[in-house]
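Spelled out from the first residue to the last, the chains are:
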Amino acid sequence: MPNSSTPSRERIVAGAADMISRRGLSATSIREMAKHAKAPLGSTYHYFPEGKQQLATEAVRFTGEWVARGLRKELEAGPVAGLHAFLALWRKIVVESDFHAGCPVLAVSIEEPPKDEVPPALAAAAEVFEQWESLLADSLREHGVEDGQAAQLATLVVAAVEGTVAMCRAKRSTQPLDHTAEQLQALITGAIKS
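Residues numbered from 1 in each chain as written. Predicted model: local features only at pLDDT ≥ 70, side-chain atom pairs only at ≥ 80, totals over all residues. Heavy atoms only, no water.

Visitor: Outline the overall build of the protein chain, supporting the account with residue identities and numerical values.
Guide: Assigned secondary structure in the protein chain consists of nine helices and zero strands. The secondary structure elements of the protein chain, listed N-terminal to C-terminal, are α-α-α-α-α-α-α-α-α. Expected size for 194 residues packed as a compact globule is a radius of gyration near 16 Å; at 17 Å, the protein chain falls within 12% of this value. Based on the C-alpha atoms only, the size of the protein chain along its principal axes is roughly 55 × 35 × 35 Å. Per-residue burial for the protein chain yields a buried fraction of 45% across its 194 residues. Within the protein chain, contacts between residues at least 6 apart in sequence are counted, and of these 66% link residues at least 24 apart. Within the structure as shown, the protein chain displays about 9,700 Å² of accessible surface, and the carbon and sulfur contribution to it stands at 53%. Taking the average location of the 20 positive side-chain charges in the protein chain and that of its 24 negative ones, the two points are 9 Å from each other. (Helix = DSSP H or I, 4+ residues; strand = E, 2+ residues; numbered from the N terminus. Rg over C-alpha atoms; globule rule 2.2 N^0.38 Å. Buried < 20%, exposed > 50% of the residue type's maximum accessible area, 1.4 Å probe, protein only. Contact = heavy atoms within 4.5 Å. Areas by Shrake-Rupley, 256 points an atom, 1.4 Å probe, with all protein chains shown as cover. Lys, Arg positive; Asp, Glu negative; His and termini not counted. Charge placed at Lys NZ, Arg CZ, Asp CG, Glu CD.)

Laid out in structure tokens, this is it:
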């Protein structure tokens, strides 16, 4: 999370992302997000006049872009390097939080939406997952993987890693990440060689 010298809006968004990654969206109030970010509640409502959903949407987008920046950089070295970076990022989060934090994008995704409504945070989560898949698929294509297989493999990577993070939290172990990393690397290496 950004430190206290970071501008208030960004600090509030990063704090909300961290809080959602730990407790989920329903179990987190806007007051708790502001407190976690060490920001006044009034500032929070100033920056996010639409309330909790607006802040959650920004937190999801913030996380999405933060992960995407790291992926773009690592994918320059190829899809296996991108996979390792993606896994290392989530490993760091679950280990450093003592298995209390996961992915805020996933946390928002599994919340029960109101009937006949797609909340903005849920729509943002879908966009983030698509962005991560697209980055991975593009790298796979650049390394000779056929278009359809690249898209499917990218979806598998994102889904497997997100699910693995949840398993790590439940098991209080990084073993699921180790197993997933090995199998996903084998699949990517096989797809590149074929």
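Visitor: So what about the nonpolar core? Which residues, and what values?
Guide: Counting residues in each nonpolar core, the largest one holds 57 residues, and the members touching the most others are Phe86, Trp90 and Trp132. Secondary structure elements with two or more residues in this core: α1 (8-23), α2 (30-36), α4 (52-75), α5 (79-96), α6 (104-109), α7 (120-142), α8 (147-171) and α9 (175-193). Looking at this core element by element, the count peaks at 10 residues for α7. (Core = buried A, V, L, I, M, F, W, Y, C linked by side-chain atoms within 4.5 Å.)

Visitor: Before we move on, could you go through the packing of α4 against α7 and cite the residues and values that matter?
Guide: Remark: α4 packs on α7, axes separated minimally by 8 Å, with the N-to-C direction vectors making an angle of 5 degrees. In terms of their interaxial angle, α4 and α7 are classed as roughly parallel. Of the residues belonging to the contact of α4 with α7, the class tally is 14 nonpolar, six polar and four charged. (Axes fitted to C-alpha atoms, helices over the stretch in contact; angles between N-to-C directions. Parallel < 35°, antiparallel > 145°, perpendicular 65-115°, else oblique. Nonpolar A, V, L, I, M, F, W, Y, C, P; charged D, E, K, R; others polar.)

Visitor: A description of the packing of aromatic side chains should follow, citing residues and the corresponding values.
Guide: The geometry of an aromatic ring pair is captured by the separation of the ring centres together with the interplanar angle, meaning the angle of the planes. All told, the structure shown has four aromatic pairs when counted by the stated rule. Every member of this aromatic cluster is reached through a ring pair, and the members are Phe86, Trp90, Phe129 and Trp132. (Phe/Tyr/Trp six-rings, centres within 6.5 Å; stacked < 30°, edge-to-face > 60°.)

Visitor: Lay out the pattern of salt bridges in plain terms, naming residues and giving numbers.
Guide: Scanning all chains against the criterion turns up eight salt bridges. Here aspartate 178 and arginine 91 are joined by a salt bridge, their closest N and O atoms 2.5 Å apart. Taken as a pair, aspartate 178 in helix α9 and arginine 91 in helix α5 lie far apart in primary sequence, 87 residues in all. Between aspartate 138 and arginine 141 there is a salt bridge whose closest N-O contact spans 2.8 Å. (Salt bridge = Lys/Arg side-chain N within 4 Å of Asp/Glu carboxyl O.)

Visitor: Pulling in residues and values, what's your account of α7?
Guide: Compared with an ideal rise of 1.5 Å per residue, which puts 23 residues at 33 Å, α7 spans 33 Å between its outermost C-alpha atoms and is within 8% of the ideal. Within α7 the residues assigned to the buried category are Ala121, Ala124, Ala125, Val128, Phe129, Trp132, Glu133, Leu135, Leu136, Ala137, Ser139 and Leu140. Turning to α7, the residues buried within the fold contact α4, α5, α6, α8 and α9. (Expected span 1.5 Å × (residues − 1).)

Visitor: Go over the environment of isoleucine 12, please, and point to the residues and values.
Guide: In this structure, isoleucine 12 sits in helix α1. Classification of isoleucine 12 by relative accessible area gives buried; the value is 0%. Along the primary structure isoleucine 12 and leucine 41 are separated by 29 residues, whereas in three dimensions their C-alpha atoms are 9.9 Å apart. Each residue touching isoleucine 12, except ones within four places of it in the same chain, is listed here: Ala37, Ala39, Ser43, Thr44, Tyr47, Phe48 and Leu55.

Visitor: Could you give an account of unusual backbone geometry, naming the residues involved and the relevant values?
Guide: Of note, the phi angle at aspartate 98 is positive, near 55 degrees, even though the residue is not glycine. With respect to the helices and strands, the residue aspartate 98 is situated in the loop between α5 and α6. One non-glycine residue with positive phi stands out, namely arginine 172, at about 55 degrees. Along the chain, arginine 172 falls in the loop between α8 and α9.

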